[in-house]
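# Results of the structural survey
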Amino acid sequence: DAGVIQSPRHEVTEMGQEVTLRCKPISGHDYLFWYRQTMMRGLELLIYFNNNVPIDDSGMPEDRFSAKMPNASFSTLKIQPSEPRDSAVYFCASSPTVNTEAFFGQGTRLTVV
Amino acid sequence: AQKVTQAQTEISVVEKEDVTLDCVYETRDTTYYLFWYKQPPSGELVFLIRRNSFDEQNEISGRYSWNFQKSTSSFNFTITASQVVDSAVYFCALSDTGRRALTFGSGTRLQVQP
């Protein structure tokens, strides 16, 4: 398996634009997680899905952020409109069951100017 | 509520020294899981180990060892005979029945000088 695949690897966008981050989890994994990493806040969970259903979205910063998982092999994290404070590395991860190790993608480095 | 504390922000050692990275956790659950991840300069997060709360046996894997002590709520990580390739940020993480996703500590940056 190729592991968790995220795209794009880097994204530079202007404030106010819509940004969509994409993730393909490892096949057969029932859990998908979106994390954000910043210097100030470290690694923080944004949302996670179980069998394509959102379970905990308490980490989503505000209504500008939304996440979907239309099927078992694809998820998106959308920011609309983007702001400079959204600049961070966004990681997607998947795991086969709950409370097991999560396997992380390479991350998407987002810069909002 | 869950919490993971890594009090050491940055550690610098010389190659071949032993180094211990500290991790202290908080949880109300009796069933929980502890993890260590490595983030090398390239940026990916690499899984190292997972322990459950019912297994306090220490574990050794090559130059790596982990000391789990429930009495002090600690899960420390030791690298023996450190190498330059060990230079990375190391994260301790916790999940439990209340929150089934990983809660990460703030990380410890390890620099191993040649």
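Residues numbered from 1 in each chain as written. Chains lettered and ligands numbered in written order. Predicted model: local features only at pLDDT ≥ 70, side-chain atom pairs only at ≥ 80, totals over all residues. Heavy atoms only, no water.

### Side note on the sheet that holds strand S8 (residues 74–79) of chain A
All names here are of chain A. Applicable threshold: Strand pairing is assigned whenever DSSP detects at least two bridges linking the two strands. What counts as a helix is a DSSP run of H or I of at least four residues, what counts as a strand is a run of E of at least two, and both are numbered from the N terminus. Geometry is summarised by axes, namely lines fitted to C-alpha atoms with helices restricted to the contacting stretch, and by angles between N-to-C directions that run from 0 to 180 degrees.
The 4 strands lie next to each other as S1-S3-S8-S7, forming an open sheet whose pairing is antiparallel. Strand pairing shows two members of the sheet lacking a second neighbour, strand S1 (5–7) and strand S7 (65–71), which therefore form its edges. Each strand of the sheet is rotated relative to its neighbour by a mean of 15°, with strand direction disregarded. Direction of pairing for S1 relative to strand S3 (residues 19–24): antiparallel, over a ladder of 3 bridges.

### Let's talk about the environment of Phe35 of chain B
Selection criterion: In this scheme, a residue with accessible area under 20% of its type's maximum is buried, one over 50% is exposed, and one in between is partly exposed, where area comes from a 1.4 Å probe on protein chains only. Throughout, a residue-residue contact means that at least one pair of heavy atoms, one from each residue, lies within 4.5 Å.
Tracing the backbone through its elements, the reader meets Phe35 of chain B in strand S5 (residues 32–39). For Phe35 of chain B, a relative accessible area of 0% corresponds to the buried category. The spacing of Phe35 of chain B and Tyr90 of chain B is 55 residues in sequence and 10 Å in space, taken between C-alpha atoms. Contacts of Phe35 of chain B, omitting those with residues within four sequence positions, involve Asn99, Thr100 and Glu101 of chain A together with Phe47, Ile49, Arg50, Phe75, Phe91, Cys92, Ala93, Ser95 and Leu102 of chain B.

### Examining the pairing of strand S6 (residues 53–56) of chain A
The two faces of a sheet get side chains in turn, since along a regular strand they alternate between them. Residues and elements named next belong to chain A. In this structure, strand S5 (residues 42–50) lies alongside S6, joined through 3 bridges in antiparallel fashion. Pairing of Phe49 across the sheet is with Pro54, part of S6. In this structure, the hairpin formed by S5 and S6 is closed by a connection of 2 residues, where Asn51 is found at a positive phi of approximately 50°.

### A word on the interface of chain B and chain A
For clarity, the threshold we go by: Simply put, the buried area is the total loss of 1.4 Å probe accessible area from both parts when two parts are fitted together. A carboxyl oxygen of Asp or Glu within 4 Å of a side-chain nitrogen of Lys or Arg is what we treat as a salt bridge. In protein, a polar contact requires one atom able to donate a hydrogen and another able to accept it; more generally it is a pair of N or O atoms within 3.5 Å, and residues adjacent in sequence count only if both atoms are side-chain atoms. When residues are grouped by polarity, Ala, Val, Leu, Ile, Met, Phe, Trp, Tyr, Cys and Pro land in nonpolar, Asp, Glu, Lys and Arg in charged, and all others, Gly among them, in polar.
Each partner contributes residues to the interface: chain B has 17 residues there, and chain A has 16 residues. Of the roughly 1,600 Å² buried at the junction of chain B and chain A (both faces included), carbon and sulfur atoms supply 56%. Our enumeration of links across chain B and chain A arrives at 0 salt bridges. In this assembly, chain B and chain A are joined by 5 residue pairs in polar contact (both at pLDDT 80 or more). Mapped onto the side of chain B that touches chain A, the elements with two or more residues apiece are S5, strand S6 (46–52) and strand S10 (88–96) of chain B. Of all the elements, S5 of chain B adds the most residues to the side of chain B that touches chain A, at 4 residues. Among the residues making up the side of chain B that touches chain A, the classes are represented as 9 nonpolar, 3 polar and 5 charged.

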